[in-house]
Amino acid sequence: MALRPAIVVRMARPVQSLWRRFAFGALVAAAFATMLFGKADSVVVERARLAIADAATPVLEVLAEPAGAVARAVEGAAALRDLHGEVARLREENLRLREWRRAAEGLQAENRALRRLARFVPPAEPDYISARAISNAGGPFVRSVLVNAGRRHGVRRGLAAVSGAGLAGVTVEVGELHARVLLVTDLNSRIPVTVRTTRDPGVLSGDNSNRPELLFLPQNAAISTGDAVVTSGLGGALPPGIPVGTVASVGASGARVKPLVDWDRLEHLRLLDYRLDGVVPPPGGAAGGGGP
(Lines give C-alpha, C1' and ligand atoms only; values in the text may rest on other atoms or scores of the structure.)
Protein backbone atom coordinates (compact mmCIF):
# COMPACT_ATOMS: atom_id res chain seq x y z
CA MET A 1 0.00 0.00 0.00
CA ALA A 2 2.90 2.33 0.68
CA LEU A 3 4.20 1.88 -2.84
CA ARG A 4 1.05 3.32 -4.49
CA PRO A 5 1.84 7.03 -3.91
CA ALA A 6 5.30 6.57 -5.38
CA ILE A 7 3.86 4.79 -8.43
CA VAL A 8 1.29 7.56 -8.91
CA VAL A 9 4.02 10.21 -8.72
CA ARG A 10 6.15 8.38 -11.30
CA MET A 11 3.19 8.06 -13.64
CA ALA A 12 2.27 11.76 -13.26
CA ARG A 13 5.72 13.04 -14.14
CA PRO A 14 5.42 12.35 -17.89
CA VAL A 15 2.00 13.99 -17.92
CA GLN A 16 3.39 17.09 -16.18
CA SER A 17 6.29 17.32 -18.61
CA LEU A 18 3.92 17.04 -21.57
CA TRP A 19 1.60 19.72 -20.11
CA ARG A 20 4.48 22.09 -19.50
CA ARG A 21 5.71 21.54 -23.05
CA PHE A 22 2.38 21.96 -24.80
CA ALA A 23 0.46 24.18 -22.33
CA PHE A 24 1.08 27.44 -24.21
CA GLY A 25 0.09 25.92 -27.51
CA ALA A 26 -3.00 24.34 -25.98
CA LEU A 27 -4.12 27.66 -24.49
CA VAL A 28 -3.60 29.44 -27.82
CA ALA A 29 -5.54 26.73 -29.61
CA ALA A 30 -8.33 26.97 -27.05
CA ALA A 31 -8.49 30.73 -27.50
CA PHE A 32 -8.73 30.39 -31.28
CA ALA A 33 -11.33 27.69 -30.91
CA THR A 34 -13.38 29.93 -28.62
CA MET A 35 -13.12 32.82 -31.10
CA LEU A 36 -14.18 30.61 -34.01
CA PHE A 37 -17.01 29.13 -31.98
CA GLY A 38 -18.16 32.63 -31.09
CA LYS A 39 -18.11 33.69 -34.74
CA ALA A 40 -19.94 30.56 -35.79
CA ASP A 41 -22.71 30.78 -33.17
CA SER A 42 -22.69 34.07 -31.29
CA VAL A 43 -26.08 33.37 -29.69
CA VAL A 44 -24.76 30.30 -27.91
CA VAL A 45 -21.65 32.16 -26.73
CA GLU A 46 -23.75 35.06 -25.49
CA ARG A 47 -26.03 32.72 -23.59
CA ALA A 48 -23.04 30.95 -22.09
CA ARG A 49 -21.52 34.26 -21.07
CA LEU A 50 -24.75 35.38 -19.45
CA ALA A 51 -25.13 32.08 -17.64
CA ILE A 52 -21.58 32.29 -16.31
CA ALA A 53 -22.16 35.89 -15.22
CA ASP A 54 -25.41 34.93 -13.48
CA ALA A 55 -23.70 32.07 -11.71
CA ALA A 56 -20.78 34.26 -10.66
CA THR A 57 -22.89 37.17 -9.43
CA PRO A 58 -23.78 35.66 -6.01
CA VAL A 59 -20.16 34.70 -5.50
CA LEU A 60 -19.00 38.22 -6.41
CA GLU A 61 -21.58 39.71 -4.05
CA VAL A 62 -20.35 37.53 -1.21
CA LEU A 63 -16.75 38.45 -1.98
CA ALA A 64 -17.60 42.15 -2.29
CA GLU A 65 -19.36 42.34 1.06
CA PRO A 66 -16.17 42.00 3.16
CA ALA A 67 -14.45 44.54 0.92
CA GLY A 68 -17.34 46.97 1.39
CA ALA A 69 -17.28 46.42 5.13
CA VAL A 70 -13.55 47.09 5.21
CA ALA A 71 -14.01 50.25 3.11
CA ARG A 72 -16.78 51.47 5.41
CA ALA A 73 -14.63 50.74 8.44
CA VAL A 74 -11.72 52.70 6.94
CA GLU A 75 -14.04 55.62 6.13
CA GLY A 76 -15.47 55.51 9.65
CA ALA A 77 -12.00 55.55 11.16
CA ALA A 78 -11.01 58.51 8.97
CA ALA A 79 -14.21 60.35 9.89
CA LEU A 80 -13.59 59.63 13.57
CA ARG A 81 -10.07 60.98 13.29
CA ASP A 82 -11.31 64.12 11.55
CA LEU A 83 -14.07 64.42 14.15
CA HIS A 84 -11.53 64.49 16.97
CA GLY A 85 -9.67 67.30 15.22
CA GLU A 86 -12.91 69.18 14.58
CA VAL A 87 -13.93 68.86 18.23
CA ALA A 88 -10.57 70.24 19.35
CA ARG A 89 -10.88 73.15 16.91
CA LEU A 90 -14.42 73.91 18.06
CA ARG A 91 -13.33 73.88 21.68
CA GLU A 92 -10.61 76.43 20.96
CA GLU A 93 -13.06 78.56 18.98
CA ASN A 94 -15.59 78.32 21.81
CA LEU A 95 -13.00 79.58 24.28
CA ARG A 96 -12.16 82.52 22.02
CA LEU A 97 -15.84 83.33 21.55
CA ARG A 98 -16.38 83.29 25.30
CA GLU A 99 -13.54 85.77 25.71
CA TRP A 100 -15.02 87.98 22.99
CA ARG A 101 -18.42 87.73 24.61
CA ARG A 102 -17.07 88.87 27.97
CA ALA A 103 -15.28 91.75 26.26
CA ALA A 104 -18.42 92.68 24.31
CA GLU A 105 -20.57 92.60 27.46
CA GLY A 106 -18.10 94.87 29.24
CA LEU A 107 -18.00 97.31 26.32
CA GLN A 108 -21.79 97.25 26.10
CA ALA A 109 -22.15 98.11 29.77
CA GLU A 110 -19.56 100.87 29.44
CA ASN A 111 -21.33 102.20 26.35
CA ARG A 112 -24.66 102.33 28.20
CA ALA A 113 -23.06 104.16 31.12
CA LEU A 114 -21.41 106.71 28.84
CA ARG A 115 -24.65 107.26 26.98
CA ARG A 116 -26.46 107.96 30.23
CA LEU A 117 -23.75 110.43 31.24
CA ALA A 118 -23.82 112.17 27.87
CA ARG A 119 -27.62 112.03 27.60
CA PHE A 120 -27.18 110.41 24.21
CA VAL A 121 -30.31 110.40 22.04
CA PRO A 122 -30.38 107.24 19.88
CA PRO A 123 -31.60 107.53 16.31
CA ALA A 124 -35.26 106.85 15.72
CA GLU A 125 -36.34 103.64 14.05
CA PRO A 126 -37.15 104.37 10.41
CA ASP A 127 -40.42 103.80 8.64
CA TYR A 128 -40.00 101.80 5.48
CA ILE A 129 -41.77 101.01 2.24
CA SER A 130 -40.88 97.92 0.23
CA ALA A 131 -41.01 98.30 -3.53
CA ARG A 132 -40.09 96.34 -6.62
CA ALA A 133 -37.67 97.58 -9.25
CA ILE A 134 -39.51 97.96 -12.56
CA SER A 135 -36.60 99.10 -14.74
CA ASN A 136 -33.07 98.00 -15.49
CA ALA A 137 -30.33 99.42 -13.28
CA GLY A 138 -27.66 99.38 -15.97
CA GLY A 139 -26.91 101.95 -18.66
CA PRO A 140 -23.96 103.70 -20.27
CA PHE A 141 -24.88 107.13 -18.90
CA VAL A 142 -27.43 106.73 -16.10
CA ARG A 143 -27.45 104.29 -13.20
CA SER A 144 -30.93 104.51 -11.70
CA VAL A 145 -34.02 102.36 -11.27
CA LEU A 146 -37.74 102.99 -11.11
CA VAL A 147 -39.71 101.43 -8.27
CA ASN A 148 -43.45 100.83 -8.12
CA ALA A 149 -44.10 103.04 -5.09
CA GLY A 150 -44.65 106.78 -5.09
CA ARG A 151 -46.11 109.73 -3.28
CA ARG A 152 -49.40 107.92 -2.78
CA HIS A 153 -47.54 105.26 -0.76
CA GLY A 154 -45.61 107.76 1.37
CA VAL A 155 -42.42 107.99 -0.67
CA ARG A 156 -40.62 111.32 -0.80
CA ARG A 157 -37.28 112.57 -2.06
CA GLY A 158 -34.19 111.75 -0.05
CA LEU A 159 -35.18 108.32 1.26
CA ALA A 160 -32.41 105.76 1.53
CA ALA A 161 -32.99 102.80 -0.77
CA VAL A 162 -31.39 99.63 0.57
CA SER A 163 -31.33 96.04 -0.52
CA GLY A 164 -30.79 93.08 1.76
CA ALA A 165 -27.06 93.79 1.83
CA GLY A 166 -26.65 97.56 2.00
CA LEU A 167 -27.28 100.99 0.51
CA ALA A 168 -28.30 100.97 -3.14
CA GLY A 169 -29.10 104.64 -3.65
CA VAL A 170 -31.37 107.58 -2.82
CA THR A 171 -34.80 108.55 -4.14
CA VAL A 172 -34.49 111.68 -6.30
CA GLU A 173 -37.77 111.76 -8.23
CA VAL A 174 -41.19 110.91 -6.84
CA GLY A 175 -44.44 110.54 -8.75
CA GLU A 176 -47.83 109.44 -7.59
CA LEU A 177 -47.22 105.76 -8.29
CA HIS A 178 -43.49 105.50 -8.90
CA ALA A 179 -40.16 106.87 -7.74
CA ARG A 180 -36.69 107.01 -9.24
CA VAL A 181 -33.72 105.82 -7.20
CA LEU A 182 -30.32 107.24 -8.09
CA LEU A 183 -27.81 104.45 -7.45
CA VAL A 184 -24.53 104.99 -5.64
CA THR A 185 -22.69 104.07 -8.85
CA ASP A 186 -24.27 106.88 -10.88
CA LEU A 187 -22.07 109.71 -12.11
CA ASN A 188 -24.20 112.23 -10.18
CA SER A 189 -24.15 110.34 -6.89
CA ARG A 190 -22.20 111.76 -3.92
CA ILE A 191 -22.66 109.94 -0.61
CA PRO A 192 -20.91 111.12 2.58
CA VAL A 193 -19.32 108.00 4.09
CA THR A 194 -16.95 106.88 6.82
CA VAL A 195 -14.44 104.04 6.89
CA ARG A 196 -15.70 102.08 9.88
CA THR A 197 -12.37 100.77 11.19
CA THR A 198 -10.33 103.98 10.92
CA ARG A 199 -13.23 106.50 11.22
CA ASP A 200 -11.82 108.40 8.23
CA PRO A 201 -14.52 110.48 6.52
CA GLY A 202 -14.87 110.72 2.77
CA VAL A 203 -17.30 110.98 -0.12
CA LEU A 204 -18.36 108.02 -2.23
CA SER A 205 -18.41 109.33 -5.78
CA GLY A 206 -20.07 107.33 -8.55
CA ASP A 207 -18.59 107.23 -12.04
CA ASN A 208 -20.99 104.83 -13.79
CA SER A 209 -18.76 101.86 -12.94
CA ASN A 210 -19.38 99.11 -10.42
CA ARG A 211 -16.51 100.41 -8.26
CA PRO A 212 -17.25 104.02 -7.16
CA GLU A 213 -14.39 106.19 -5.95
CA LEU A 214 -13.68 107.16 -2.35
CA LEU A 215 -12.76 110.84 -2.46
CA PHE A 216 -11.73 113.58 -0.03
CA LEU A 217 -10.08 111.27 2.47
CA PRO A 218 -7.76 112.81 5.07
CA GLN A 219 -4.10 112.93 4.08
CA ASN A 220 -3.14 110.63 6.93
CA ALA A 221 -5.89 108.10 6.22
CA ALA A 222 -4.65 104.55 6.78
CA ILE A 223 -7.34 102.55 5.06
CA SER A 224 -6.73 99.11 3.62
CA THR A 225 -8.48 96.61 1.38
CA GLY A 226 -11.47 94.99 3.04
CA ASP A 227 -12.33 97.90 5.37
CA ALA A 228 -16.07 98.44 5.74
CA VAL A 229 -17.57 101.68 4.43
CA VAL A 230 -20.78 103.11 5.96
CA THR A 231 -22.74 106.34 5.63
CA SER A 232 -21.45 109.14 7.86
CA GLY A 233 -24.67 111.11 8.29
CA LEU A 234 -23.04 114.41 7.31
CA GLY A 235 -25.36 116.74 5.44
CA GLY A 236 -28.44 115.42 7.17
CA ALA A 237 -29.80 113.58 4.13
CA LEU A 238 -28.88 110.06 5.25
CA PRO A 239 -28.43 108.64 8.75
CA PRO A 240 -25.04 107.34 9.87
CA GLY A 241 -24.17 103.69 9.89
CA ILE A 242 -25.91 102.31 6.79
CA PRO A 243 -23.54 99.73 5.22
CA VAL A 244 -22.38 100.75 1.77
CA GLY A 245 -19.54 98.43 0.78
CA THR A 246 -15.93 97.48 1.36
CA VAL A 247 -12.69 99.02 0.16
CA ALA A 248 -11.77 97.07 -2.98
CA SER A 249 -8.45 98.72 -3.84
CA VAL A 250 -6.13 101.44 -2.59
CA GLY A 251 -3.58 103.05 -4.86
CA ALA A 252 -1.88 106.24 -5.91
CA SER A 253 -4.92 107.20 -7.98
CA GLY A 254 -7.26 106.79 -5.01
CA ALA A 255 -9.44 104.17 -3.42
CA ARG A 256 -12.27 102.17 -4.91
CA VAL A 257 -15.23 100.69 -3.06
CA LYS A 258 -17.09 97.50 -3.88
CA PRO A 259 -20.79 98.05 -3.02
CA LEU A 260 -22.60 95.34 -1.10
CA VAL A 261 -25.49 95.34 -3.56
CA ASP A 262 -25.57 92.80 -6.38
CA TRP A 263 -26.65 95.01 -9.27
CA ASP A 264 -27.44 92.05 -11.54
CA ARG A 265 -30.01 90.75 -9.02
CA LEU A 266 -31.55 94.01 -7.88
CA GLU A 267 -35.25 93.16 -7.75
CA HIS A 268 -36.64 94.67 -4.53
CA LEU A 269 -35.70 97.75 -2.54
CA ARG A 270 -36.65 98.97 0.89
CA LEU A 271 -37.11 102.74 1.11
CA LEU A 272 -36.18 103.92 4.60
CA ASP A 273 -37.65 107.12 6.00
CA TYR A 274 -35.60 108.44 8.93
CA ARG A 275 -37.56 111.73 8.83
CA LEU A 276 -34.42 113.71 8.03
CA ASP A 277 -34.58 117.09 6.33
CA GLY A 278 -31.18 117.21 4.66
CA VAL A 279 -30.85 118.79 1.25
CA VAL A 280 -31.20 116.38 -1.68
CA PRO A 281 -30.25 118.06 -4.97
CA PRO A 282 -32.59 117.55 -7.92
CA PRO A 283 -31.78 114.92 -10.57
CA GLY A 284 -28.71 115.85 -12.59
CA GLY A 285 -27.33 117.93 -9.72
CA ALA A 286 -23.96 117.55 -8.16
CA ALA A 287 -25.03 115.10 -5.53
CA GLY A 288 -27.38 112.21 -5.15
CA GLY A 289 -27.33 111.61 -1.45
CA GLY A 290 -26.55 114.82 0.38
CA GLY A 291 -23.40 116.91 0.51
CA PRO A 292 -20.53 116.07 2.83
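Up top you'll find the structure we're talking about.
The rules we used
Residues numbered from 1 in each chain as written. Predicted model: local features only at pLDDT ≥ 70, side-chain atom pairs only at ≥ 80, totals over all residues. Heavy atoms only, no water. Pairing = 2+ DSSP bridges. Helix = DSSP H or I, 4+ residues; strand = E, 2+ residues; numbered from the N terminus. Axes fitted to C-alpha atoms, helices over the stretch in contact; angles between N-to-C directions. Contact = heavy atoms within 4.5 Å. Patch = residues over 30% accessible without salt bridge, like charges linked within 9 Å, V, L, I, M, F, W, Y side chains within 5 Å. Areas by Shrake-Rupley, 256 points an atom, 1.4 Å probe, with all protein chains shown as cover. Salt bridge = Lys/Arg side-chain N within 4 Å of Asp/Glu carboxyl O.

Student: It is not clear to me how the sheet that holds strand S6 (residues 190-195) should be interpreted in this structure. Could you clarify?
Tutor: Adjacent strands of a sheet pair through backbone hydrogen bonds, lying either parallel or antiparallel. Strand order around the closed barrel formed by six strands is S6-S7-S8-S11-S10-S9, with antiparallel pairing between neighbours. Between one strand axis and the next, the sheet turns by 45 degrees as a mean value, whatever way the strands run. Summarising the sheet, strand S7 (residues 200-205) and strand S8 (residues 213-215) pair through three bridges and their orientation is antiparallel. Among the inter-strand pairings, Leu204 is bridged to a residue of S8, identified as Leu214.

Student: Would you mind showing me how to read the pairing of strand S9 (residues 228-231) here?
Tutor: On a regular strand, one side chain projects to one face of the sheet and the next to the other, so that they alternate. Where S6 lies against S9, three bridges are found, and the strand directions are antiparallel. Its bridge partner lying in S9, Thr194 is registered against Val230. Note that S9 and strand S10 (residues 243-251) share three bridges and pair antiparallel. Residue Val229 lies in a different strand from S10, and its bridge partner there is Gly245.

Student: Would you take a moment to explain the environment of Ala160 for this structure?
Tutor: Its place among the elements puts Ala160 in strand S3 (residues 160-162). With 10 residues separating them in the primary sequence, Ala160 and Val170 have C-alpha atoms 4.8 Å apart. With residues near it in sequence (within four places) discarded, Ala160 still touches Leu167, Gly169, Leu238, Ile242, Arg270, Leu271 and Leu272.

Student: Sorry if this is basic, but what is going on with a nonpolar patch on the surface here?
Tutor: Where nonpolar side chains cluster on the molecular surface, the patch consists of Val28, Phe32 and Met35 and spans about 300 Å² of accessible area. Within the secondary structure, Phe32 is located in helix H1 (residues 3-40).

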